[in-house]
Amino acid sequence: MGGTEEKQPAGSGRPTSRDVARLAGVSHTAVSFVFNGRAEGNLSPATQERIRQAAAQLGYRPDPVARGLRRRRTAVIGLITDEIASSPFAGRLLRGAMETAWGSEHLVLTVDSGGDRAKEDAAVAELLDRRVDGIIYAAMSLRRVRVPEGLHRTHSVLANCLPEDDSLPAVIPAERAGGRTAARLLLEEGHRRVAMIGGHDDIASVERLRGFRDALRAEGITVPKEWVVRSGGEISGGYEGALRILDGASAGRRPTGVFCYNDRVAAGVLHAATRLGIAVPGDLSVVGYDDQEHMAAFLSPPLTTVALPHRAMGEAAARLLLDAIDTGRTPPATVRRLACPVITRASVGPVPTR
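Given the structure is predicted, the values throughout are model-derived calculations rather than measurements.

## Quick word on the confidence of the model for the chain
Step number 1: Across the chain, pLDDT averages 90, with 92% of residues at or above 70.
Step number 2: Contacts from residues 1-11, a stretch scored under 50 in pLDDT, to residues over four places away or in other chains number 17 contacts.

In structure tokens form, the structure reads like this:
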């Protein structure tokens, strides 16, 4: 009735649930109820507390293998991603997922596929063989992905990517809203001549620009075509894009604010402004995107930016997966978009009056 009892090797000295029962003065079944999540309605709060205190006094921890046998679970979830080793944001997403999982007594087994499809399929197969309770598949840049073989055989959630076949739930940044936020940072300081530099022909670039234009259009502002420069996502692209817009233009004929595709592009814009003798934020306000660790706060001036919610994505994906595991129900294949918060520093100021 009490479930599987932990088997201890002779002389191990490790306390068992029966030791807890003796110290608390309750039945072994009562201890099992507390640690199997069945105490509510079966035991009084005072009895539950007495059992927990006895367990703490003895240093008792339920055996995860035994609990897994009872629940038909392993208390392990898998996390597969394409760029753990190389992405500056991977740690945030991983920490969010791991701490959320740990809060529900789950461990996270992580695999870096390097973006190799065969490795992804093999990783999923291996995780399924290890009987993980579910899998998070995460990409380090927002894109549509081929769902690896096997993900549909267990509870699965995508993080920072969308399934090509719309078959699984996904947690992604609210990129369009982030673009609107970036525009408002400039609009609220009086800027009306604004540009956008950087980006690719990808989901994030398209959505950020769309949101940026949404906010400007609401104020009756149109960005000149030549002030939207798709120059990639690196420092060099920001530098070259800024020179195209700023070099040779008089103060009255150049933008007073620039929204950059990411913080690396913003670093290039700041470098170009310094070369051209344009003060930031006195003559030109610059907004970045990503809040890249070890970069944004250390630029000159420190960069005002729109942060990608990597940690929150890890937390939300893990919570969605754990809820599915607990209920036994596959979550609907919907897309949850998380807000991109503003990190205010020193690169944005009022529109120049001169």
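There is more to say, and it comes next.
## Description of the sheet that holds strand E12 (residues 304-307)
Step number 1: If you trace the six strands from one edge of the open sheet to the other, you get E9-E8-E10-E11-E12-E14, paired in mixed fashion. Of all strands in the sheet, those with a lone pairing partner are strand E9 (228-229) and strand E14 (342-343), marking the two edges.
Step number 2: Helix-sheet contacts for helix H9 (residues 235-246) involve strand E8 (194-197) and E9, and the interaxial angle to E8 is about 145°.
Step number 3: Relative to strand E11 (residues 285-290), helix H10 (residues 263-276) is tilted by about 155°, and along the sheet it contacts E8, strand E10 (257-260), E11 and E12.

## A short note on the pairing of strand E1 (residues 76-81)
Two faces belong to every sheet, and in a regular strand the side chains alternate between them.
Step number 1: The buried count for E1 comes to five of six residues, which makes it a mostly enclosed element.
Step number 2: Summarising the sheet, E1 and strand E2 (residues 107-112) pair through six bridges and their orientation is parallel. Note that in E2 the partner of Val76 across the bridge is Leu107.

## Comments concerning the pattern of salt bridges
For side chains of opposite charge, pairing can occur when their charged atoms come near one another.
Step number 1: Here the structure, examined in full by the defined rule, presents 17 salt bridges.
Step number 2: Of the charged contacts, one joins Asp166 and Arg144 as a salt bridge, the two residues approaching to 3.2 Å between their closest N and O atoms. Taken as a pair, Asp166 in the loop between strand E6 (162-163) and strand E7 (170-173) and Arg144 in strand E4 (residues 144-145) lie far apart in primary sequence, 22 residues in all.
Step number 3: Here Arg144 falls in the partly exposed class, since its relative accessible area comes to 41%.
Step number 4: Several salt bridges converge on common partners, so that one network encompasses Arg176, Arg180, Asp214 and Arg217.

The rules behind each value
Residues numbered from 1 in each chain as written. Predicted model: local features only at pLDDT ≥ 70, side-chain atom pairs only at ≥ 80, totals over all residues. Heavy atoms only, no water. pLDDT = per-residue confidence, 0-100. Contact = heavy atoms within 4.5 Å. Pairing = 2+ DSSP bridges. Helix = DSSP H or I, 4+ residues; strand = E, 2+ residues; numbered from the N terminus. Axes fitted to C-alpha atoms, helices over the stretch in contact; angles between N-to-C directions. Buried < 20%, exposed > 50% of the residue type's maximum accessible area, 1.4 Å probe, protein only. Salt bridge = Lys/Arg side-chain N within 4 Å of Asp/Glu carboxyl O.

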